[in-house]
Amino acid sequence: MTKRDIDNTLAVFKREFLGYFNSPVLYVIVIIFLLTTMGFTFFFSRILDSDDVSLSSRFFVWHPWIYTVLAPAVGMRLWSEEHRLGTIELLMTMPVSPWQAILGKFFAAAFVWLIALALTCTVVITVCWLGEPDTGPIISGYVASYLYALACLAVTSAISAITRSQVVCFIISVAFCLGIALIGDPGFTQAIVNFVPAGWESVVRFISYFSFMDHFFEMTKGIFVFRDVLYFLSVIIGALFITDLGLRSKRA
């Protein structure tokens, strides 16, 4: 990657990132994220009434379900808005390659989630005040949470590349993220196993392996396995490649 590539990517990143801050949607989504994570942690998980200061089962456990809705809400404007306003043609005629635009836009949305996650530091401060939590699962949990958000964001980017409507993009993205979360939920997987013939159990278990959940929860326990990180990176890169294909098909 040359310096010009980096400069062009940063120019798109800056344009998109400032666009988020000029929109009230960003502030609404971040506030909802903070209220839901804090609400679930302190009122549903009742972390203040427990001797267990581990965040795995009381804080991070809620993140996948929150990202299922809020990550598409952040990402739905990535390309659908450009299609709707007709600025996609203008963007593609500028001295910026499709990949520079894709990466610039994706990194801007990813930085939004980095800010949102950083604002949840009050939970960490609280558990450190309550006891002496193991910092390993906290660090790996935050890494897992961020990778999960980026995976949902990349999927939304791919879907937004092929539709002009942000509403359609949001609905399809939420449905996809919900589906890929459910197939990895232990209770849902066991219900499917109980329903299908005995010979199909291995097939169900194999499909559930591709769920975001399966890789997410291992990391929140402090088990930092390279294959889980590689899995999320593969999903993100694969979805960005699909974004590129979607944009090329629109230009054809």
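Calculation criteria
Residues numbered from 1 in each chain as written. Predicted model: local features only at pLDDT ≥ 70, side-chain atom pairs only at ≥ 80, totals over all residues. Heavy atoms only, no water. Axes fitted to C-alpha atoms, helices over the stretch in contact; angles between N-to-C directions. Helix = DSSP H or I, 4+ residues; strand = E, 2+ residues; numbered from the N terminus. Parallel < 35°, antiparallel > 145°, perpendicular 65-115°, else oblique. Left-handed = near helix turned anticlockwise from the far one by under 90°. Contact = heavy atoms within 4.5 Å. Nonpolar A, V, L, I, M, F, W, Y, C, P; charged D, E, K, R; others polar. Phe/Tyr/Trp six-rings, centres within 6.5 Å; stacked < 30°, edge-to-face > 60°. Buried < 20%, exposed > 50% of the residue type's maximum accessible area, 1.4 Å probe, protein only. pLDDT = per-residue confidence, 0-100. Salt bridge = Lys/Arg side-chain N within 4 Å of Asp/Glu carboxyl O.

Draft legend 1. Here's a closer look at the packing of helix H3 (residues 63-75) against helix H8 (residues 135-160). Axis separation between H3 and H8 bottoms out at 8 Å; the angle between their running directions is 40°. Overall, the two elements H3 and H8 adopt an arrangement that is oblique. In this structure, H3 meets H8 at a crossing whose hand is right-handed. Every residue of H8 that contacts H3 at His63, Pro64, Tyr67, Ala71, Pro72, Val74 and Gly75 is listed here: Ser145, Tyr148, Ala149, Cys152, Leu153, Thr156 and Ser160. Partitioning the contact of H3 with H8 into residue classes produces nine nonpolar, five polar and no charged.

Draft legend 2. Representation of the packing of aromatic side chains. All told, the structure shown has 24 aromatic pairs when counted by the stated rule. Judged by centre distance (6.2 Å) and plane angle (55°), the rings of Tyr148 and Phe232 are tilted. Placement of the pair is Tyr148 in helix H8 and Phe232 in helix H13 (residues 226-251), with a sequence separation of 84 residues. By relative accessible area, which is 0% here, Tyr148 ends up buried. For Phe232, a relative accessible area of 0% corresponds to the buried category. Pairing Phe212 with Phe232 gives two aromatic rings, centres 6.0 Å apart and planes at 55°, and the pair type is tilted. One end of the pair, Phe212, is in helix H12 (residues 212-220); the other, Phe232, is in helix H13, and 20 residues separate them in sequence. You can call Phe212 buried: its relative accessible area is 1%. By way of ring pairs, the aromatic residues Phe33, Tyr67, Trp113, Tyr148, Phe212, Phe216, Phe217, Tyr231 and Phe232 are connected into one cluster.

Draft legend 3. Summary view of the confidence of the model for the chain. This prediction gives the chain a mean pLDDT of 84; 96% of its residues lie at or above 70. The lowest-confidence element of the chain is helix H5 (residues 87-93), averaging 69 in pLDDT; the highest-confidence one is H8, averaging 92.

Draft legend 4. Main features of the side chain of Thr9. On the secondary structure map, Thr9 appears in helix H1 (residues 3-21). Thr9 has contacts with Gln100, Leu103, Gly104 and Phe107, leaving out every residue within four places of it along the chain.

Draft legend 5. View of the environment of Ile88. If you trace the backbone, Ile88 turns up in helix H5. Once the C-alpha coordinates of Ile88 and Leu247 are considered, the two residues, 159 residues apart in sequence, prove to be 9.0 Å apart.

Draft legend 6. Local environment of the pattern of salt bridges. One pass over the structure, following the stated rule, counts four salt bridges. One salt bridge connects Glu16 with Arg77, and the closest N-O pair in it is separated by 3.1 Å. Taken together, the residues Glu16 in helix H1 and Arg77 in the loop between H3 and helix H4 (80-85) connect sequence positions 61 residues apart. On the basis of relative accessibility, which here comes to 24%, the residue Arg77 falls in the partly exposed class. For Lys105, the salt bridge is made with Glu16, and the minimal N-O distance between the two is 2.9 Å. Taken together, the residues Lys105 in helix H6 (residues 98-118) and Glu16 in helix H1 connect sequence positions 89 residues apart.

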